[in-house]
Amino acid sequence: MRYAMAIDTKKCVGCSDCVVACQLENDVPEGYCRDWIVEITTGTYPDLQTEIRSERCNHCANAPCVRCCPTGASHFEDGGIVLVQPNECIGCKACIAACPYDARYVHPDGYVDKCTFCLHRVKKGQQPACVAVCPTKCLYFGDIDDPRSKISLLLKKRKWKTLIPEAGTDPKIYYLI
Ligand code: SF4
Ligand code: SF4
Ligand code: SF4
């Protein structure tokens, strides 16, 4: 079992519904977020291309945030999901410095927080909140160890990229391009 997410950059419209759904589902404090939208324009006028994508923790298989955590608060959970155990976190911010994706923030209560792939929902057989709410259905979540899963089939069929592959973190968010 290896959980991953695929995000179709051809279908994302940047509506931010995924961001709002995450904030409500996970009680993310006002002014913070666990996922966010990035819009990048490339090319030279008038031949411009814009990519819109929803970003979050990459649940890296080779996660520097887990490696550097002095207390074990940052750890791997079921299916390779990277989580933070709030009551074991001393707020040292080593993981924030180690993450190449800027995926973590310090919660006002003093511990570090980030995307959990909504493991609490996944355990009940539900999709992560962002996936469930997306109006264009451009987020896919599932088990990439299962060759018959929708995400595995998509990754076989479509071209994809990961972010900052040179960091060597083996990210598990795949952007369909
Ligand atoms: Fe893109 Fe879907 Fe998020 Fe809207 S809800 S910004 S379409 S990923
Ligand atoms: Fe850790 Fe950052 Fe990778 Fe998430 S994206 S697993 S916080 S290194
Ligand atoms: Fe670990 Fe918390 Fe320090 Fe991050 S801030 S490295 S989770 S103890």
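My aim in this report is to walk through the structure given alongside it, one point at a time. Numbering of residues starts from 1 in each chain and follows the order in which that chain's sequence is written. Ligands are numbered from 1 and chains lettered from A, in the order in which they are written. pLDDT decides what is reported in this predicted model: residues at 70 or higher carry local features, side-chain atom pairs at 80 or more are listed and counted, and totals for whole chains, interfaces and linings draw on all residues regardless. To obtain the side-chain values, all non-hydrogen atoms of the structure were included, while hydrogens and water were left out.

Observations concerning unusual backbone geometry
Thinking step 1. A cis amide bond, omega 5°, links tyrosine 45 with the succeeding residue proline 46.
Thinking step 2. Numbering goes from the N terminus for both helices and strands, where a helix is a DSSP run of H or I of at least four residues and a strand is a run of E of at least two. Among the structural elements, proline 46 can be located in the loop between β2 (35-44) and β3 (47-56).

Remarks on the pairing of β3
Thinking step 1. Following DSSP output, two strands are said to pair if at least two bridges run between them. Sheet topology note: the β2/β3 ladder contains ten bridges and is antiparallel. In the sheet register, threonine 42 faces β3, and the bridge partner there is glutamine 49.
Thinking step 2. Between the antiparallel neighbours β2 and β3 lie two residues.

A closer look at the site of ligand 1
Thinking step 1. Note on terminology: near, applied to a residue and a molecule or strand, indicates that one of the residue's heavy atoms is within 4 Å of it. In the region of ligand 1, 14 residues are neighbours, and Cys12, Cys15, Ser16, Cys18 and Cys134 sit closest.
Thinking step 2. Each residue is assigned to one class: nonpolar for Ala, Val, Leu, Ile, Met, Phe, Trp, Tyr, Cys and Pro, charged for Asp, Glu, Lys and Arg, and polar for all the others, Gly among them. Its residues assigned to classes, the shell around ligand 1 comprises nine nonpolar, four polar and one charged.

Structural notes on the side chain of histidine 107
Thinking step 1. You can see histidine 107 is positioned in the loop between β6 (105-106) and β7 (112-113).
Thinking step 2. Should any heavy atoms of two residues lie within 4.5 Å, those residues are considered in contact. Once you skip the residues sitting within four places of it in the chain, histidine 107 turns out to touch Pro29 and Asp113.

Here we look at the state of the cysteines
Thinking step 1. The disulfide definition used here is simple: a pair of cysteine sulfur atoms within 2.5 Å. All chains considered together, the criterion is met by zero disulfides.
Thinking step 2. You can see cysteine 68 has no disulfide; the closest cysteine sulfur is in cysteine 95, sitting 5.9 Å from it.
Thinking step 3. A relative accessible area of 29% places cysteine 68 in the partly exposed class. To sort residues, take the accessible area from a 1.4 Å probe on protein chains only and compare it with the maximum for the residue type: under 20% means buried, over 50% means exposed, and anything in between is partly exposed.

A short note on the sheet that holds strand β8 (residues 139-143)
Thinking step 1. On the basis of which strands lie adjacent, the open sheet formed by four strands has the order β8-β1-β10-β9 and mixed pairing. Two strands lie at the open edges of the sheet, namely β8 and β9 (160-161), each paired on one side alone.
Thinking step 2. Sheet topology note: the β9/strand β10 (residues 173-176) ladder contains two bridges and is antiparallel. Considered in β10, the bridge of lysine 161 is made with tyrosine 175.
Thinking step 3. Axis angles are defined between N-to-C directions and span 0 to 180 degrees, where every axis is a line fitted to C-alpha atoms and, for a helix, only to the segment in contact. Each of β1 (3-8), β8, β9 and β10 is contacted by helix α6 (residues 150-157), which is oriented at about 115° to β8, the strand it contacts most.

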